[in-house]
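# Descriptive structure summary
Here is what each chain is made of, one letter per residue.
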Amino acid sequence: MLLRTASHGITPAVLTLDFLIPRTVSYRNGSRANHNASQSNDRTSRKPHKGTPQRLASSSSTPSALTPGAVLTRLHDDLGIFDEQALSSLTNAQVEAFNSAIPDLRVAFAQHDIPRVWETWSLLRKRNLLAFFGPAQYDVCSRSVAGLCKRTPVGQLAEDDARVLRDIALVCAAGGSTAGLKSLMLSAIKGGKPKVALELYAQYLNHLREKGVLSGEVGSLETSSGEEETSLAPSPVRDEILFAAIVAHAQLGSFADALQVYLQAGTRVAPTTLEDYNRILHSDHALWTTASLYARRLNTAALLSCPPTLVKHLSNLTRDSADVSLERLYSTTIAGIHDADPWVALTPDQLGGERVVLLPYFFWTSFLKSFMACRRTDLAVRLWDDMLRLGVKPELAAWNALLDGYGNLRSIDAVLTTWEVMRTQNVKPDALSYRAVVSAFSAVGQVDNALQWFHTFEREHLKSGVSPEDSGVLALYNTILHVLLFVSREEEAHEIKKQMETKGPKPDVATYNTFLRYYGRKGDLKTMAQVLQQLEPAGVTADVYTFSTLLSAMGKVRPDAGQIVINFMTKQGVVPDTTSLTSVINHQLRECTPRSFKIAMDLLSSMEHGEFGDAQPSSITYTSILTAINRGGWLGRQIVEETNKRIWDTMQSKDLRPNRTTYNVLLQAALQGHEPEGLENAMKYYRDMLRRRVHVGTDTWYILLKGLMDRKQWEVAGEVVRDMRQYKATITGSLRTLVDRFRASVKRNESQRAY
């Protein structure tokens, strides 16, 4: 790992330090105490993490480019590989063999003397010295194999020589250096032997298993857009080797096998890897066209093959209003249904042959909701047309999604037109259909019409046998109560509530919370108390929203409001633990008022001082506060900055691990404005993120690069762009546009200086 002090403009540089390795081994006994001390260091800092790989040595780097501190850091990292080995078990003969073999191996490779390479390599293997190879040794050997492949195609080598290169390339690839194996696989592909390349890939996986870094047969792909942090270990399969296997399957024309390989690897192919292969395969346009098509399809196919991941991915894209990415994902899927070589099955009976992925049952409704939430009615219309063209009958859930979408857009005419089309096609609306129409009328201020549609539902559906205890019915009733109380039609709301208590649907906690919120905003504590007293007889248990609403109301008049709410929580059988108190704080901050901020921070302080026993704030508690106060500009800038610093310092002192959301919020806050300390703080957060091996997602790269560009910190921004490529960031969509803008700005600045 190389952590650069970007704000000081330190040039990236790495020392290989090969000459130190023999001396370190030879002096193992004399430095035993130092070795033991090094073993006590944080082991997790040397474990690879998704998105933050360690930097490889650069032969063009010079020691003079590094500060003394950076040299020591690099020295620690290079020698750290030995901390994992039992150095005391080495014999003097092994030490001497290792010290002499490494230079011999270099010379043999330089002279293209493969027999001598094999002789030296065999010596290292026989004496079990390959276990002491570090990144520098793996890299040198792997690149040397790649160089030999370029000089002499593998197909022209003698079988013994080819076997030597394969063995070295596989060992080095399992150790993290893949140049040699990639060259061997590409040589086989270009020689028209894709099965040879696939055999090499299979042997690569076996080496990873033998090394203990790959277990099981099936990997898992994580969503890349706005993805939440994952504690799962990333796949050790390198994407450049995975894509070589995909190219081989493309050469064989087997998308089904390529998908199987892709799913098992659990690795995404980075755009930078695709760009690299585009240059390599430029002479074989047909093969590159097929391979790049496979790459696009595979990412979509992997999402469709894992419904929970697809749901999460759609949620993230919708939350970020990423309509372009949504459209691309949708278009790729639809093309997979009706293209000349289809790979998506609409129904289970279509599965077989090249149709290897079944379209999830929720596909149409989920995409429809996402398109409408992103205000892309054109895509919603296109989706509807696709359903009809493909012979898919829209389910009631899809109709309701359309009604909800138009209602959120306040397009009441579109809502009513959709309703009429439903009727003409003999689609029977349910309670959720009526709820969508009621909400739509409420959104445009037509409360009387909303109430009229509610009563229509009562007449036409409850009398026709619809159970009042249906969840959709209860949702409709709670919606009309909210509509009436929002415009202070209190008496009508109470009449409906009484009807619910006698005839159903039975009021739930959301029903009572609606009334509590109404009276809380009015400051009517007496009536709030009466509503709270109704909970226990009704068999309803209060929830976090109840407690937060009570805290907001009590906080206006009682200095001991927090303790009152805690007592009420205990009475309700709710343990005031970290999770419940964090939820209350979060609900308070959603009010976005100075008073709610004070109440939330007072509650946080009480937690920190142990007033609620073991209910101490967690990283989630602090992150939720940071997110709330840095969003929307509702709190004074000075207060926000002071709170950001206070929370960061507290998390550091308590050794609480921030997650990606924490860093995103702090980075964005630090880079706002033009204060010098803002840049310094942003780089501090960024370096800490890399040090802790927190996954740097697309959203983080965007926030960091945009903030630096807004500050016109072009040199530091250039470092970040280089990091994106080094860490194989997924540069697509808005991030790709931003990177292109950066490069154009750099060229423009250079032209102006030259002029």
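Further up the page is the structure itself.
As a starting point, this report considers the structure included with it.

What counts, and at which threshold
- Residues numbered from 1 in each chain as written.
- Predicted model: local features only at pLDDT ≥ 70, side-chain atom pairs only at ≥ 80, totals over all residues.
- Heavy atoms only, no water.
- Helix = DSSP H or I, 4+ residues; strand = E, 2+ residues; numbered from the N terminus.
- Buried < 20%, exposed > 50% of the residue type's maximum accessible area, 1.4 Å probe, protein only.
- Contact = heavy atoms within 4.5 Å.
- Areas by Shrake-Rupley, 256 points an atom, 1.4 Å probe, with all protein chains shown as cover.
- Axes fitted to C-alpha atoms, helices over the stretch in contact; angles between N-to-C directions.
- Parallel < 35°, antiparallel > 145°, perpendicular 65-115°, else oblique.
- Nonpolar A, V, L, I, M, F, W, Y, C, P; charged D, E, K, R; others polar.
- Salt bridge = Lys/Arg side-chain N within 4 Å of Asp/Glu carboxyl O.
- Core = buried A, V, L, I, M, F, W, Y, C linked by side-chain atoms within 4.5 Å.
- Phe/Tyr/Trp six-rings, centres within 6.5 Å; stacked < 30°, edge-to-face > 60°.
- Left-handed = near helix turned anticlockwise from the far one by under 90°.
- Expected span 1.5 Å × (residues − 1).

Each helix and strand counted, the chain has 36 helices and two strands in total. Here the chain holds 755 residues, and 49% of them are scored as buried. Counting contacts in the chain only where the partners sit at least 6 residues apart, residues at least 24 apart contribute 69% of the total. Summed over its atoms, the accessible surface of the chain is roughly 36100 Å², and 52% of this surface lies on carbon and sulfur atoms.

The next subject is the packing of helix 18 (residues 396-408) against helix 20 (residues 431-443). Contact pair helix 18 / helix 20: the axes reach a minimum separation of 9 Å and the direction vectors enclose 5 degrees. In terms of orientation, helix 18 lies roughly parallel with respect to helix 20. Contacts between helix 18 and helix 20 involve Leu396, Asn400, Leu403, Asp404 and Gly407 from the former and Leu432, Ser433, Ala436, Ala440 and Ala443 from the latter. The residue inventory of the contact of helix 18 with helix 20, partitioned by class, reads six nonpolar, three polar and one charged.

This part is about the environment of Ser471. Summarising the element assignment, Ser471 is placed in helix 22 (residues 471-486). Owing to a relative accessible area of 61%, Ser471 belongs among the exposed residues under this scheme.

So, about the pattern of salt bridges. The full count for this structure, using the stated rule, is 33 salt bridges. A salt bridge links Arg143 to Asp139, with the nearest nitrogen and oxygen atoms 3.1 Å apart. In this pair, Arg143 and Asp139 are both assigned in helix 6 (residues 135-151), four residues apart and thus about one turn of the helix distant. With a shortest N-O distance of 2.9 Å, Arg297 and Asp341 are connected by a salt bridge. Here Arg297, found in helix 13 (residues 285-305), pairs with Asp341, found in the loop between helix 15 (323-338) and strand 1 (344-345); they are 44 residues apart in sequence, far enough to count as distant. Residue Arg297 is classed as buried on the basis of its relative accessible area, which comes to 6%.

On to the environment of Ala493. Relative to the helices and strands, Ala493 resides in helix 23 (residues 490-503). The class for Ala493 is buried, based on a relative accessible area of 0%. Along the chain, Ala493 and Asn478 lie 15 residues apart, while their C-alpha atoms are 9.8 Å from each other. In this view, Ala493 contacts Leu481, Leu484, Leu485 and Phe515; residues no more than four positions away in its chain are not counted.

This part is about the nonpolar core. The tendency in soluble globular proteins is for nonpolar side chains to be buried side by side. In this structure, Phe133, Tyr201, Tyr204 and Trp364 are the most contacted members of the largest nonpolar core, which totals 218 residues. In terms of residues, this core owes the most to one element, helix 13, which gives ten residues. Ignoring anything within four residues of it in the chain, the contact list for Trp364 reads Tyr330, Ile334, Leu346, Leu359, Leu383, Asp386, Met387, Leu390 and Val392.

What follows concerns the side chain of Asn400. With respect to the element layout, Asn400 can be found in helix 18. Judged by relative accessible area, Asn400 falls into the buried class, the value being 7%. When neighbours within four sequence positions are excluded, Asn400 is seen to be in contact with Asp430, Leu432 and Ser433.

Here we take up the environment of Met683. With respect to the helices and strands, Met683 occurs in helix 33 (residues 676-691). For Met683, a relative accessible area of 1% puts it in the buried group.

Of note, the amide linkage connecting Gly504 to Pro505 takes the cis form, showing an omega dihedral of -5 degrees. For Pro505, the location among the structural elements is in the loop between helix 23 and helix 24 (509-522). Positive phi, normally seen in glycine, also occurs at Ser321, with a value near 55 degrees. Mapped onto the fold, Ser321 is located in the loop between helix 14 (307-319) and helix 15. At Cys592, a position not held by glycine, the phi torsion is positive, near 55 degrees.

The geometry of an aromatic ring pair is captured by the separation of the ring centres together with the interplanar angle, meaning the angle of the planes. The full count for this structure, using the stated rule, is 29 aromatic pairs. When the ring of Trp419 is compared with that of Trp453, the centres are 4.9 Å apart and the planes differ by 90 degrees; the resulting orientation is edge-to-face. One end of the pair, Trp419, is in helix 19 (residues 412-424); the other, Trp453, is in helix 21 (residues 447-462), and 34 residues separate them in sequence. The pair Trp419 / Trp453 is uniform in exposure class, with both members buried. Their ring planes at 65 degrees and their centres at 6.1 Å tell us that Trp648 and Tyr663 sit as a pair that is edge-to-face.

Moving on to the packing of helix 26 (residues 544-554) against helix 27 (residues 561-571). Axis angle and axis distance: for two packed helices, these are the angle between their axes and the distance between the axes, and together they describe the pair. At a minimum axis distance of 9 Å, the contact between helix 26 and helix 27 shows a crossing angle of 150 degrees. As far as their axial angle goes, helix 27 and helix 26 are roughly antiparallel. For the crossing formed where helix 26 meets helix 27, the hand is right-handed. In contact with Thr546, Phe547, Leu550, Leu551 and Met554 of helix 26, helix 27 contributes Ala561, Gly562, Ile564, Val565, Phe568 and Met569. When grouped by side-chain class, the residues that make up the contact of helix 26 with helix 27 number nine nonpolar, two polar and no charged.

Moving on, we get to helix 24. Taking 1.5 Å as the rise per residue, helix 24 with 14 residues should run 20 Å; its terminal C-alpha atoms sit 20 Å apart, in good agreement. The buried fraction of helix 24 is high, at ten of 14 residues. What helix 24 keeps buried is the set Val509, Thr511, Tyr512, Asn513, Thr514, Phe515, Leu516, Tyr518, Tyr519 and Gly520. Residues of helix 24 that are buried make contact with helix 22, helix 23, helix 25 (525-533) and helix 26. Phi turns positive one or two residues past the end of helix 24, at Gly523, with a value near 75 degrees.

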